[in-house]
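What the coordinates show
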Amino acid sequence: FSSTPAVFSITFTWLPPSIPNGIIIQYNLTVYNINTGATTTYIINSLQDSYIVNFNSSQRYDAYLSAGTVAGYGPPAYVFGRTAPNLPGAVIILNTEALNASTVQLTWLTVSQQNVNITHYIVSVSKYEGEKLYNRNISVSSDLQVIVNGLVGEIPYEVTVKTLNELGQGGLSNTTVFFTREGVPPVPTNISVLRLNGTHMNISWSLIPI
């Protein structure tokens, strides 16, 4: 058996034994999780010919079904399968730290989900309500952080981080707005010195554009 992505309920169906050797009073469905070693047993009414079991994502299972009479259970039927992976959850905490006028460090945390893999992240930085400047895939094997360079001082930017795995895009973080630090001004230009007398001089220069 197998499940579809984001759907982890499996319906087991069966036919009664062709030779019951008595009156069937119940069925025994035993499910074994190969990944965790956990075993779950379900006792099912004899009038039923199906049963729904909820599973975890990205797990392998063995299932055994036996018919029971007052004398005990007969040999089990066997089936095996696995459940599909699930989409990852969203980034829940996104922090920004301006390191200087052109560089910012981004760090984040993701929601914890059982048996859900995140393969990478996509970090997007844009001018506030403007053009996208930075879009990068970040491998999950690295630290949950990235340093973005080439920004302009005292300009608002917005950043988002989204999670991905083999199924596609998961949750998207809230948009965070940050400012870069004020930058160090450049060297003044067109400096000139005019001597006025033996104790005074006049120094002039061009204004730095704002």
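So, a few notes on the structure that sits alongside this text. Each chain carries its own residue numbering, running from 1 in the written order of its sequence. The model is predicted, so local features are restricted to residues of pLDDT at least 70 and side-chain atom pairs to those at 80 or more, both for listing and for counting; the totals for chains, interfaces and linings are taken over all residues. The side-chain numbers reported here are obtained from all heavy atoms of the structure, hydrogens and water having been left aside.

1. What to know about the overall build of the protein chain
- We count a stretch as a helix when DSSP gives it H or I for four or more residues in a row; a strand needs E for two or more, and each element gets its number in order from the N terminus. Counting secondary structure elements, the protein chain contains zero helices and 17 strands.
- The contact rule is simple, with two residues in contact once any of their heavy atoms fall within 4.5 Å. Sequence separation of at least 24 residues holds for 57% of the intrachain contacts in the protein chain that already meet a minimum separation of 6.
- Only the protein chains shown count as cover for residues, with accessible areas throughout obtained via the Shrake-Rupley method and a probe of 1.4 Å. A total accessible area of about 13200 Å² is found for the protein chain, and carbon and sulfur atoms account for 54% of it.

2. Some words on the sheet that holds strand 9 (residues 104-110)
- Strand order in this open sheet of three strands is 8-9-12, and the pairing throughout is antiparallel. Strands at the two margins of the open sheet, each flanked by one partner only, are strand 8 (91-98) and strand 12 (145-148). If you compare each strand with its neighbour and ignore which way they point, the axes differ by 20° on average. In short, DSSP must find at least two bridges between two strands for them to pair. Axis lines are fitted to C-alpha atoms, over the contacting stretch for helices. Their N-to-C directions set the angle, which ranges from 0 to 180 degrees.

3. Observations concerning unusual backbone geometry
- With a phi angle near 55°, Asn21 is a residue other than glycine that sits in the positive phi range.
- Along the chain, Asn21 falls in the loop between strand 1 (9-13) and strand 2 (26-33).
- Of note, Ser58 is a non-glycine position whose phi angle comes to about 55°, a positive value.
- Inspection of the secondary structure assignment puts Ser58 in the loop between strand 4 (50-54) and strand 5 (60-69).

4. Quick look at the side chain of Asn165
- Topologically, Asn165 is positioned in strand 13 (residues 156-165).
- In contact with Asn165, not counting residues within four places along its chain, are Asn86, Leu87, Pro88, Val116, Asn117, Ile118 and Thr119.

5. Details of the nonpolar core
- To qualify as a nonpolar core, a set must consist of buried Ala, Val, Leu, Ile, Met, Phe, Trp, Tyr and Cys residues joined through side-chain atoms within 4.5 Å. Burial classes: relative accessible area under 20% of the type maximum marks a residue as buried, over 50% as exposed, and values in between as partly exposed (1.4 Å probe, protein chains only). Judged by nonpolar contacts, the single largest core of 16 residues is most densely connected at Leu106 and Trp108.
- Taken together, the elements giving at least two residues each to this core come down to strand 8, strand 9, strand 10 (120-127), strand 12 and strand 13.

6. A short note on the environment of Ala84
- The residue Ala84 is located in the loop between strand 7 (77-82) and strand 8 in this model.
- The class for Ala84 is buried, based on a relative accessible area of 10%.
- Along the backbone, Ala84 and Ser3 are 81 residues apart, and their C-alpha atoms lie at a distance of 5.5 Å.

7. A word on the pairing of strand 16 (residues 192-195)
- Where strand 16 and strand 17 (residues 201-204) come together, four bridges link them in antiparallel fashion. The residue bridging Arg195 from the neighbouring strand is Met201, located in strand 17.

8. Quick word on the environment of Arg60
- Mapping Arg60 onto the fold places it in strand 5.
- Residue class for Arg60 comes out partly exposed when judged on its relative accessible area of 40%.
- With 28 residues separating them along the chain, Arg60 and Tyr32 place their C-alpha atoms 8.6 Å apart.

9. Some points on the side chain of Thr83
- Within the secondary structure, Thr83 is located in the loop between strand 7 and strand 8.
- Residue Thr83 is classed as buried on the basis of its relative accessible area, which comes to 2%.
- As used in this structure description, the phrase polar contact means that two N or O atoms lie within 3.5 Å; if the pair is within protein, one of them must be able to donate a hydrogen and the other to accept it, and residues adjacent in sequence are counted only when both atoms belong to side chains. Looking at Thr83, its side chain comes within polar contact range of the main-chain oxygen of Asn56, at 2.6 Å.
- When residues no more than four places from it in sequence are discounted, the contact partners of Thr83 are Ser3, Phe8, Phe55, Asn56, Ser57, Ser58, Gln59 and Tyr61.

10. Let's talk about the packing of aromatic side chains
- For Phe, Tyr and Trp, rings pair up if their centres lie within 6.5 Å, where Trp contributes its six-membered ring, and each pair is then called stacked (planes under 30 degrees apart), edge-to-face (over 60) or tilted (otherwise). Tallied over the entire structure, the rule returns eight aromatic pairs.
- Grouped by ring-pair contacts, the aromatic residues Phe12, Phe55 and Tyr61 constitute a single cluster.

None of this, on its own, says anything about what the molecule does.
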